[in-house]
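Residue-level structure breakdown
What follows is each chain in one-letter form.
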Amino acid sequence: MKAPQSRNSFGTQQALSVAGQKYQIFSLKSLAAKFPQVDRLPFSLKVLLENLLRFEDDNSVKKEHVEALVQWDPKAVPTQEIAFRPARVLLQDFTGVPVVVDLAAMREAIQKMGGDPKKINPLQPMDLVIDHSVQVDAFGRPDAAKVNADLEFQRNQERYRFLRWGQGAFENFRVVPPDTGIVHQVNLEYLASVVFSLKIGQACDGEAFAYPDTLVGTDSHTTMINGLGVVGWGVGGIEAEAAMLGQPISMLIPQVVGFKLHGKLPEGATATDLVLTVTQMLRKKGVVGKFVEFYGSGLSNLSLPDRATLANMAPEYGATIGFFPVDEEALRYLELSGRGHMVDLVRAYSQEQGLFRTDATPDPVFSDTLELDLATVEPSLAGPKRPQDRVPLRQSKKMFREALREMLKGKLEKVDPKRLETWLSEGGSQTQCAHQDAARAELGEIGKCAKVEHGGGDCSHLEQGAVVIAAITSCTNTSNPSVMLAAGLVAKKAVERGLSSKPWVKTSLAPGSLVVTEYLKKAGLQPALDKLGFNLVGYGCTTCIGNSGPLPEPVAAAIEGEDLVASAVLSGNRNFEGRINPLVRFNYLASPPLVVAYALAGRMDIDLYAEPIGKDPQGKDVFLKDIWPSRQEIDAAIRASIQAEMYGQSYSDVFKGDPNWQNLQVPKGETFQWDPDSTYVKHPPYFEGMPKQPAPIRDLKAARILALLGDSVTTDHISPAGSIKPSSPAGKYLQSLGVKPEDFNSYGARRGNHEVMMRGTFANIRLKNLMLPGTEGGVTAHLPDGEQMSIYDAAMKYKREGVPLVVFAGKEYGTGSSRDWAAKGTYLLGVRAVIAESFERIHRSNLVGMGVLPLQFEEGQSWSSLGLTGREQVTIDGIAVGLKPFQKLQVLAKGEGGEKSFQVTLRIDTPDEIEYYRHGGILQYVLRQLLAA
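Source: prediction; values computed, not measured.

How each quantity is defined
- Residues numbered from 1 in each chain as written.
- Predicted model: local features only at pLDDT ≥ 70, side-chain atom pairs only at ≥ 80, totals over all residues.
- Heavy atoms only, no water.
- Pairing = 2+ DSSP bridges.
- Helix = DSSP H or I, 4+ residues; strand = E, 2+ residues; numbered from the N terminus.
- Axes fitted to C-alpha atoms, helices over the stretch in contact; angles between N-to-C directions.
- Contact = heavy atoms within 4.5 Å.
- Salt bridge = Lys/Arg side-chain N within 4 Å of Asp/Glu carboxyl O.
- Buried < 20%, exposed > 50% of the residue type's maximum accessible area, 1.4 Å probe, protein only.
- Parallel < 35°, antiparallel > 145°, perpendicular 65-115°, else oblique.
- Left-handed = near helix turned anticlockwise from the far one by under 90°.
- Nonpolar A, V, L, I, M, F, W, Y, C, P; charged D, E, K, R; others polar.
- Phe/Tyr/Trp six-rings, centres within 6.5 Å; stacked < 30°, edge-to-face > 60°.
- Lys NZ or Arg CZ within 6 Å of the ring centre and 35° of its normal.
- Expected span 1.5 Å × (residues − 1).
- Polar contact = N/O pair within 3.5 Å; in protein donor to acceptor, adjacent residues only side chain to side chain.
- Core = buried A, V, L, I, M, F, W, Y, C linked by side-chain atoms within 4.5 Å.
- Right-handed = clockwise from strand over helix to strand, strands pointing away.

What follows covers the sheet that holds strand β14 (residues 321–323). As summarised here, the arrangement of the four strands in space is β14-β13-β12-β15, forming an open sheet in which the pairing is parallel. Edge positions in the sheet fall to β14 and β15 (368–373), since each of these pairs with one other strand and no more. Going from strand to strand, the sheet's axes swing by 20° on average, the running direction of each strand aside. Across five bridges, strand β12 (residues 256–262) lies against strand β13 (residues 291–295) in parallel orientation. Bridge pairing in β13 links Gly-258 to Glu-293. Relative to β13, helix α2 (residues 43–54) is tilted by about 125°, and along the sheet it contacts β12, β13 and β14.

What follows is the structure, encoded as structure tokens:
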């Protein structure tokens, strides 16, 4: 990492002394002396402003860029592009493996073109945390974590050897081994420094530079670190690669929405309930592409983990970041988490730069505001398919029934409407499944149930909405001691009352760091969690990213046999359709203590306020209120069980790994020796035959439509991370290479193999291609013959025929995880443009980065309103003459019913993105730049 070489046009470089150490800083205070409006900028924009001052080079950052941010108009539509250079890059293994694959391929490509392979090397610190590969195979047993860790290593040795090679071949690259923690929790508890400093001797006059810790990460929930006062957000892997290779991130100066908090959370409400409330509010407000910054006196009543929970969910409410400024609570957290040596510098720097918040700090000027009294927050869930769809716990039974009715509406024509309305409104239990009465029989699909036999001859009956997965998982909540200890207290009280989890529920506990295990043990709560089946299953994302593992065979058979709508309850951040488990159609987000409660209940069709959660050994009803801990109990558990030493011990050898990791046979060399027989890591085709100069861009002529998609199509729909079906194109490919289905692993684990991933593109079993109404899964019609086949097979047939492809979609296309394979796979299938009503920020950027045109319908227009069927041929004119950001392009769709001509807006938003597209993608652009340097 090099010292800044700023032109310092504003004369802001000056010295700061902290505890006898001198640092050079770029002073926002001195800038504010000339431009008083700087003092009232949102804190997050001040961080961007410091970044521009530090990197002013008259090339990517000019004096007028600094002036534009100083003179920021909060109400104006963003138009001013700036270049942002993060201090570091953060990866997780599902997205990190393809990043390292691309870097290895770029080294080989630059060498073949006569360049130096060492030029392909991270210029910024890059950390990769292996957290996405552990799957919940074993559960509810003392050795579950060891069994799952061993299976993980068996399945992923090839990937792990490759990452170990990368760690040795590239400078500035560290890997946190598997079974250590979740990337965002490790970042929050250990990696983040809040204020970066370059060591003495690396800067001018032998002094160090101090500047804000900033980052981008290849996971949407990188925003979790915003809770600690660090500006950072998720980007696609291809954008992260460019950033680590020295390219600035091109962005528009954003609007900033201020979210004012006041009061404090009431008894019974958790940080999870708060975040689900905030997510719903901000989704309704509309903050896509904007920064959200929290302010107000209520911040002082939120712990740092509470703030991190709110920041983590920024992708779910649509914002680029959800930022909390540095304050005393942030400093306390640094002390608690074993980083007390950083506190003096963080305090002094933040206060000097006007980046330190107190309750007396004047409110910044925002583009828009909204506010929430924390006292109004109530226990909540979110679901059954989207994190922004909050379900107040008081109404959960009613709203579950309405959602079930909606899902089964096509099968309810024969149900007596009066009987259906009675069912929707009545408050009684449905536990008499074994004795279906006439009323239940009349309800048809809604009244269905299935018998499940367990070991020892016991049996139970699954109903519609039965909870078959209850998972305490995900960085969002396992980073927060208050909700984790609350879950342990619920478990303890439940065990004391003689309650048990229902036998059909797959229970799991997957903390985000070793620290969680330590404080649960010290609090004496792990034994109760174990008694209810919440044994430790590993340290990783598990269920939240679809690594829930298979359901027990009797449960799976019952669901499939009766086509039941089964449910999952997890303490995660995503619950999109088809993500959690292929057999589970309803998925609810909830706080960890509520996850325990639903494991005890075993069903969604329950009012936890009014109905008993179970019976004690004496037959007495036990209600949720009887086992729910008070705020006082939770606070006492936190005080008694959490110590700074736990963090120091847990992270003392964070990069060491277990014997499996240490004993890996690691290849050597500056370039990677690709194994032609590998099914995990293959040489990608992006740079094959790449000329030193880009070819002219062309208009799109007579393209065919590969898919017509609806609203809220997620990156999970486009590029699933979960299980690979043997009958799918990817499954057939792996079997053709001799890989048995039990060794398929997951799409996420196979992201270093483009052959698997392109076959998995649009292969989610819940994807609905509306070209073929009534179908589900990755199927389409090849035209003009109309033959129905898999999307992959159709794309390859079109490729042989020389036919380019387009995809049409609705609103929020590409929402969800920052999954670069959703763009890479789209490109490799031959798709050259995606026309949608709106795009999720990261996916739009990823499409541009792969040389795919993102095009947006005019307001109020859609493929449906235009009467498109998917049978048309599509021509897009105006590309070849040269493109400009937000340019209007003309589309002509020609079909049997005639021609439809309409305008779309080019969603290439900046001049730099135009260059990326012109070069065929961002990596090709960077490679040519490095070759010419």
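Next comes the rest of the write-up.
To continue, consider the pattern of salt bridges. Summed over the entire model, instances satisfying the criterion amount to 49 salt bridges. With its nearest N and O atoms 3.0 Å apart, the salt bridge here joins Asp-359 to Arg-357. Lys-492 is the salt-bridge partner of Glu-496, the closest N and O atoms lying 2.8 Å from each other. Here the residue Glu-496 and the residue Lys-492 both occupy positions in helix α17 (residues 481–496), the gap between them amounting to four residues, near one helical turn. Assessed through its relative accessible area of 54%, Glu-496 is described here as exposed. Through salt bridges with shared partners, one network takes in Arg-307, Asp-327, Arg-357 and Asp-359.

Moving on, we come to the packing of helix α30 (residues 821–828) against helix α31 (residues 841–849). The geometry of a pair of packed helices is captured by two quantities: the angle between their axes and the separation between those axes. Contact geometry for α30 and α31: axes closest at 8 Å, N-to-C directions at 40°. If you check the angle between α30 and α31, you find them oblique. Read as a crossing pair, α30 and α31 show a hand that is right-handed. The segment α30 lies against α31, with Ala-822, Ala-823 and Thr-826 engaging His-843, Asn-846 and Leu-847. Classifying every residue of the contact of α30 with α31 by side-chain character gives three nonpolar, three polar and no charged.

Moving on, we come to the environment of Val-505. Within the secondary structure, Val-505 sits in the loop between α17 and β21 (506–509). Between the alpha carbons of Val-505 and Arg-603 there is a distance of 9.3 Å; along the sequence they are 98 residues apart. With residues up to four places along the chain from it excluded, the contact list for Val-505 reads Phe-139, Val-467, Val-468, Ile-469, Ala-470, Ala-599 and Gly-602.

Okay, the pairing of strand β26 (residues 700–708) next. If a strand is regular, its side chains alternate between the two faces of the sheet. Counted residue by residue, β26 has seven buried out of nine residues, so it is predominantly covered. Looking at chain direction, β26 and strand β32 (residues 873–877) are connected through three bridges and run antiparallel. Residue pairing for β32: Arg-704 is matched across the bridge by Gln-873. In terms of strand pairing, β26 meets strand β29 (residues 805–808) through four bridges, oriented parallel. Bridge pairing in β29 links Ile-705 to Val-806.

This part takes up the packing of aromatic side chains. Applying the stated criterion across every chain yields a total of 25 aromatic pairs. Ring centres 6.3 Å apart and planes at 90° place the aromatic pair Tyr-686 and Phe-687 in the edge-to-face group. Just as Tyr-686 is buried, Phe-687 falls in that class too. Taken together, Phe-162, Trp-165, Phe-170, Phe-672 and Trp-674 form an aromatic cluster joined through their ring pairs. Taking the ring centre of Phe-43 as reference, the NZ or CZ of Lys-46 above it sits at 5.1 Å. In this arrangement the basic side chain of Arg-750 is found over the ring face of Tyr-680, its NZ or CZ atom lying 3.8 Å from the centre.

Pairing within the open sheet is parallel, and its five strands lie in the order β6-β5-β4-β9-β10. Bordering the open sheet on either side are β6 (173–176) and β10 (231–234), each of which pairs with just one other strand. On average, each strand axis in the sheet is inclined to that of its neighbour by 20°, with strand direction left out of account. Relative to β10, strand β9 (residues 214–217) is paired through four bridges, and the arrangement is parallel. If you follow Leu-215 over to β10, its bridge partner there is Gly-232. Sheet strands in contact with helix α5 (residues 144–169) are β5 (126–129) and β6, and its direction is about 145° off that of β6.

The next thing to look at is helix α4 (residues 93–112). Its 20 residues give α4 an end-to-end C-alpha distance of 28 Å, which sits within 8% of 28 Å, the value for a rise of 1.5 Å per residue. For α4, the buried fraction is high: 18 of the 20 residues fall into the buried class. Capping the start of α4 is the job of one residue whose side-chain oxygen sits 2.7 Å from the backbone nitrogen of Phe-94: Gln-92.

Phe-808 and Tyr-813 are the most contacted members of the largest nonpolar core, which totals 309 residues. In terms of residues, this core owes the most to one element, α4, which gives eleven residues. Other than its neighbours up to four places away in sequence, Tyr-813 contacts Leu-709, Val-713, Ile-718, Phe-762, Val-807, Val-834, Ala-836, Ser-838, Phe-839, Glu-840 and His-843. Counting five residues, the second-largest nonpolar core is a separate cluster that includes Val-136, Ala-144, Ala-510 and Val-537.

Let us now look at helix α11 (residues 328–336). Taken residue by residue, α11 has Glu-329, Ala-330, Leu-331, Tyr-333 and Leu-334 as its buried positions. Among the structural elements, α6 (183–191), α9 (304–312) and α12 (343–352) are those in contact with the buried residues of α11. One side-chain oxygen at the N-terminal end of α11 lies 3.1 Å from the backbone nitrogen of Glu-329; it belongs to Asp-327. Taken from the residues just after α11, Gly-338 is the one with a positive phi, measuring 80°.

The next thing to look at is the pairing of strand β4 (residues 88–92). Of all five residues in β4, five are buried; the element is thus mostly enclosed. Where β4 and β9 come together, three bridges link them in parallel fashion. By the bridge assignment, Val-89 is partnered in β9 with Val-216. Inspection of the sheet shows β4 paired to β5 by four bridges, in the parallel sense. Looking at β5, one finds that Leu-91 is bridged to Leu-128. Following the backbone out of β4, through α4 and into the adjacent parallel β5, one traces a crossover that is right-handed.

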